[in-house]
Amino acid sequence: MARKPPTRRSMPKGGKGFRKEPVRRQRDEGLPSREEILQFLRESDSTAGKREITRAFNIKGEARIGLKRLLSEMAAEGLLSGTRKELREVGKLPPVTVLEVTGRDSDGDLIARPAVWNAADGEAPAVLVLTHRARAEERDAIIGVGDRILARVTELAEPDVEGLKYEAEPIKVLPRDKRRMLGIYRTHARGGGTIEPVDRRELRAWQVRQGNDGNAKDGDLVRFDLSARNRQSVSEARVLESLGNPHDQRKISLIAVHAHGLPDDFPAPVMAESEALEPFSAGARTDLRTLPLLTIDPIDARDHDDAVYAEPDADPRNRGGFVVIVAIADVAHYVRPGTRLDKEAQLRGNSVYFPDRVVPMLPERISNNLCSLREGEDRPCLAVRMIFNAHGQKRRHEFLRAVMKSAAKLSYQEAQAAIDGRVSEKCAPLMERALAPLWEAYGALARARDQRQPLDLDLPERKILLDQEGRVARVVVPERLDAHRLIEEFMIQANVAAAETLEQMKTPLVYRTHDVPSKEKLKSLRDFLETLDMRLPASNVLKPEAFNKILAQAKSLPVPELVNEVVLRSQAQAEYTPQNIGHFGLNLAKYAHFTSPIRRYADLIVHRALIRALKLGPDGLDDQEITRLADTAKEISDAERRAMAAERETVDRLIASHLAERINATFEGRIAGVTRSGLFVKLKETGADGFVPVSTLGQDFYNHVEEAHALVGSRSNETYQLGDEVTVRLVEAVPTAGALRFEMLTPGKKGTLSHLKGAHKFRKRPRQRRR
């Protein structure tokens, strides 16, 4: 229904910035005045553009051409901004618009900015989001930083104490953009420029008109949107923000920070609250300072939030048993519910680790000082004391709020060397009373682990080592030591104890769960294993033991890595949830993250839950947190996935930058992925992934045999399959996108898939290749 146009009586007589206009001519053409158009836009209860103005003022026939001319004149005079679909008064927000939530103010309230804004109008205004005023059907939706919302905007008569001029009432939470649009800006001599992608899935460029460059310089990393189309219906870009030169040191990881909306700077009120924290007082805490608790971490660890200790159990009823203590930094003592520190930690969800920097969950004063279990310094901790029998089975446990002092900070390599007989000067006094009992206790726990049979995947992780200028020096695969396994198993047992205690006390918590593989993924895995003459039991309810038998058989194959990779792909993704479904991969019925509260918000929640359940202090989980556990679990699960994607993409970009100077070089690799459009190849030297388009695999037509993870030539029957060792030539590298393109040099294998079910359906005659 057409909106009734505003009456002349309601119009202002004039206003600053209006030029005198030929009103009589406009009336003769059946057009509204400039004031009437602006008033309509101010009062419109929805997005308004040229079409809405045409309907509201009943403009027909040739008058539409006059309206188009009038709107163009108003834009040229600086009265209107926006597109033909969404017009607004220059420098003003329309009554209803799309906002992007960009952060929080000093009180923790959400702040947003318009999703579309013309840089020529000045800085985009900040808007306070009134989440409590959301419509009933939207109240259950969690609005967070990075979300886009359709909102009703109100301009305040006067700016508030934060200087904000607008408030917004959410109408609808829009589907969340998976990524911000980022690119590299390239200037044109004739004006304007081009934006090259940083996302390797979007290998194209966007044109930028002169005036839409946002003052970006050639080579700058920019954030942009696609707000307009030219006469050829080709999207054009507009620069929203320049982020600097991506080739500067630390800027490669900055691409991922901005692409995924990671909050990398702490607001001033959060920093002020952190600096105001006072060192703890031991008070009534259990005193563990006489025990030689050790922190054993990577050489380059930036924080230390767990320490371990073991001794033989003196109880004659538990002959051969052990007492194990796992002490964890007491972050809950400093980060209290409802504080700015807590809100910021929950927003971040976890720390994000890049090869050249860390985006921490907590300010450095907490993570690297007050809560870091530094050698020789008193620190508050939440500890669990566990009793195991000689077979590594836990008999009982108890949680303590304690004070500890680390006897030594050791690296995995140093601790392992001491056990292997290469005892350093630092480790010598620790051998008998600390290190040897730890390894003896681990021996018992390892036997129990082997009997439990968690999923035993063998997928070595590569680590990038950088030089002093932030460039890739080399890529290594760190050796997997018993020291790693010892700490891992002790942490698992502490996590299990936390979940068991909270269940027993009927205290709500966030579990770390891992669902069983889906029927669809199991079918796909079975189809693949059949191509290797391997069988997975037919049941849809399998235990990790069944997968371990397959992995053990694969060790005798030429490509054990292939089977490990496909088994991994068949697994569900672990997540946080208040509902317990167990942890399939670890083969545990109850499991919760307790051991890393410095870098994971989930662990902080579990700490608070234990403090509440066991009455260990006033800073436990509060009632309001309990009502939001489901929402919080989803938020931190999403944050974890975001962090993993950002870390993975940064590694891809660093290695692509490292290899960019080796175009035309040949590399040995293995096929790591097979799709209808081509092959993904992982290089042995660096672990880098690159793509071989199917169109470059010769003159044959290749069919994608999904169940075999293979491409098979219709005429030649040549096969390229997941796991095949191949030689490739690097033909293109796009560092900012982390993209590599290879040329295949190894011919496909002959006739290897002829026994496959469905192989008779392959095309028997070659098809003309599309060039």
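Keep in mind that this is a model prediction, so the values were computed, not measured. (Residues numbered from 1 in each chain as written. Predicted model: local features only at pLDDT ≥ 70, side-chain atom pairs only at ≥ 80, totals over all residues. Heavy atoms only, no water.)

Caption draft 1: Broad picture of the overall build of the chain. Across its full length, the chain carries 17 helices and 34 strands. Every one of the 771 residues in the chain was classed for burial, and the buried ones make up 50%. Relative to all contacts within the chain whose residues are 6 or more apart in sequence, the contacts with residues 24 or more apart total 65%. Of the roughly 38,000 Å² of accessible surface on the chain, 47% is carried by carbon and sulfur atoms. (Helix = DSSP H or I, 4+ residues; strand = E, 2+ residues; numbered from the N terminus. Buried < 20%, exposed > 50% of the residue type's maximum accessible area, 1.4 Å probe, protein only. Contact = heavy atoms within 4.5 Å. Areas by Shrake-Rupley, 256 points an atom, 1.4 Å probe, with all protein chains shown as cover.)

Caption draft 2: Representation of the sheet that holds strand E5 (residues 127-129) in the model. If you walk around this closed barrel you meet the five strands as E3-E4-E5-E7-E6, and the pairing is mixed. Between one strand and the next, the sheet's axes are offset by a mean angle of 50°, whatever the strand orientation. (Pairing = 2+ DSSP bridges. Axes fitted to C-alpha atoms, helices over the stretch in contact; angles between N-to-C directions.)

Caption draft 3: Fine view of the pattern of salt bridges. Per the counting criterion, the structure on display carries 46 salt bridges. Where glutamate 377 meets arginine 379, a salt bridge forms, and the shortest distance between an N and an O atom there is 2.7 Å. Since its relative accessible area comes to 31%, glutamate 377 is described here as partly exposed. Taking the relative accessible area as the measure of exposure, arginine 379 reaches 9% and is therefore buried. Between arginine 569 and glutamate 565 there is a salt bridge, with the nearest N and O atoms lying 3.3 Å from each other. Here arginine 569 pairs with glutamate 565, and both are found in helix H14 (residues 560-569), just four residues apart, close to one helical turn. Taking the relative accessible area as the measure of exposure, glutamate 565 reaches 27% and is therefore partly exposed. Three or more residues are tied together by salt bridges with common partners; here these are Arg285, Asp330, Arg336, Arg401 and Asp619. (Salt bridge = Lys/Arg side-chain N within 4 Å of Asp/Glu carboxyl O.)

Caption draft 4: Representation of the pairing of strand E6 (residues 148-155). Examined bridge by bridge, strand E3 (residues 96-104) and E6 share five bridges and lie antiparallel to one another. Within E6, the residue paired with glutamate 100 across the bridge is arginine 148.

Caption draft 5: A look at the packing of aromatic side chains. Following the criterion strictly, the structure yields five aromatic pairs and no others. Measuring from centroid to centroid gives 5.4 Å for phenylalanine 399 and phenylalanine 594, while their planes differ by 80°, and the two rings are edge-to-face. Taken as a pair, phenylalanine 399 in strand E20 (residues 394-405) and phenylalanine 594 in the loop between strand E25 (575-577) and helix H15 (601-613) lie far apart in primary sequence, 195 residues in all. Residues phenylalanine 399 and phenylalanine 594 agree in their burial class; the two are buried. Residues phenylalanine 680 and phenylalanine 691 carry aromatic rings whose centres are separated by 4.8 Å and whose planes lie at 50° to one another, so their mutual orientation is tilted. Here phenylalanine 680, found in strand E27 (residues 678-683), pairs with phenylalanine 691, found in strand E28 (residues 689-693); they are eleven residues apart in sequence, far enough to count as distant. Take phenylalanine 680: its relative accessible area is 33%, and that puts it in the partly exposed class. Note that arginine 348 overlies the ring of phenylalanine 266, its terminal NZ or CZ placed 3.7 Å from the centroid. (Phe/Tyr/Trp six-rings, centres within 6.5 Å; stacked < 30°, edge-to-face > 60°. Lys NZ or Arg CZ within 6 Å of the ring centre and 35° of its normal.)

Caption draft 6: Summary view of the nonpolar core. Formed by 88 residues in total, the largest nonpolar core has its most connected members in Leu294, Val326, Leu435, Leu438, Phe490 and Phe594. Among the elements that make up this core, the one with the highest residue count is helix H11 (residues 482-504) (ten residues). If we skip the residues at most four places from it in the chain, valine 326 touches Ala307, Val308, Leu382, Ala383, Val384, Met386, Phe490, Met491 and Ala494. (Core = buried A, V, L, I, M, F, W, Y, C linked by side-chain atoms within 4.5 Å.)

Caption draft 7: Just the sheet that holds strand E31 (residues 718-721), in detail. With antiparallel pairing, the four strands of this open sheet are ordered in space as E29-E30-E31-E34. Whereas interior strands pair on both sides, the edge strands pair on one side only; in this sheet they are strand E29 (702-705) and strand E34 (749-750). Bridge count between E31 and E34: two bridges; the pairing is antiparallel. Across the sheet, threonine 719 pairs through a bridge with lysine 749, a residue of E34.

Caption draft 8: Representation of the packing of H15 against helix H17 (residues 629-659). For the pair H15 and H17, the least separation of the axes is 10 Å and the interaxial angle reads 150°. Relative to H17, H15 is oriented roughly antiparallel. Taken together, the residues of H17 that come into contact with H15 (itself represented by Tyr601, Ala602 and Ile605) are Leu629, Thr632 and Ile636. In the contact of H15 with H17, the residues fall into five nonpolar, one polar and no charged. (Parallel < 35°, antiparallel > 145°, perpendicular 65-115°, else oblique. Nonpolar A, V, L, I, M, F, W, Y, C, P; charged D, E, K, R; others polar.)

Caption draft 9: Representation of the pairing of strand E15 (residues 306-312) in the model. A large share of E15 lies buried, amounting to five of its seven residues. Where E15 and strand E16 (residues 322-329) come together, seven bridges link them in antiparallel fashion. Bridge pairing links proline 312 to phenylalanine 322 in E16.

Caption draft 10: Representation of helix H10 (residues 431-452). Taking 1.5 Å as the rise per residue, H10 with 22 residues should run 32 Å; its terminal C-alpha atoms sit 30 Å apart, in good agreement. Remark: the principal bend of H10, roughly 25°, maps to proline 437. Following H10 by one or two positions, glutamine 453 has its phi on the positive side, about 60°. (Expected span 1.5 Å × (residues − 1). Bend = angle between axes of the 7 residues up to and from the residue.)

Caption draft 11: Representation of the environment of glutamate 73. Assignment of secondary structure puts glutamate 73 in helix H4 (residues 63-76). Glutamate 73 gets classed as partly exposed once you look at its relative accessible area, which sits at 23%. Separated by 39 residues in the primary sequence, glutamate 73 and arginine 34 have C-alpha atoms spaced 9.8 Å apart.

Caption draft 12: Seen up close, empty space enclosed by the protein. In the structure shown here, the tally under the stated rule is four cavities of 30 Å³ or more. Computed from the structure, the largest cavity encloses a volume of approximately 70 Å³. Around the largest cavity, the lining is made up of ten residues, and of these Asp105, Gly108, Val270, Arg340 and Glu344 lie nearest the centre. When contributions to the lining of the largest cavity are tallied by element, the ones reaching two or more residues are helix H6 (268-275) and helix H7 (340-348). The element that contributes the greatest number of residues to the lining of the largest cavity is H7, accounting for three residues. Per-class residue counts for the lining of the largest cavity are three nonpolar, two polar and five charged. (1 Å grid on protein atoms, 1.4 Å probe; cavity = no way out; pocket = protein on both sides within 12 Å on 5 of 7 lines; lining within 4 Å. Points joined across faces, edges and corners; volume = space filled by probe spheres on them.)

Caption draft 13: Just the packing of H6 against H7, in detail. At a minimum axis distance of 9 Å, the contact between H6 and H7 shows a crossing angle of 120°. When the axis of H6 is compared with that of H7, the two are oblique. Along this stretch, H6 crosses H7, giving a crossing that reads as left-handed. Contact residues: H6 offers Pro269, Val270, Glu273 and Ser274, while H7 offers Arg340, Leu341 and Glu344. Residues of the contact of H6 with H7, tallied by class, amount to three nonpolar, one polar and three charged. (Left-handed = near helix turned anticlockwise from the far one by under 90°.)

Caption draft 14: Here's a closer look at the confidence of the model for the chain. Model confidence for the chain is summarised by a mean pLDDT of 84, while 85% of its residues fall at 70 or above. Here residues 1-28 scores under 50 on pLDDT; set against residues more than four positions off or in separate chains, the count is 41 contacts. In this model residues 754-771 is a low-confidence stretch, pLDDT under 50, and it forms 28 contacts with partners more than four residues away in sequence or in other chains. (pLDDT = per-residue confidence, 0-100.)

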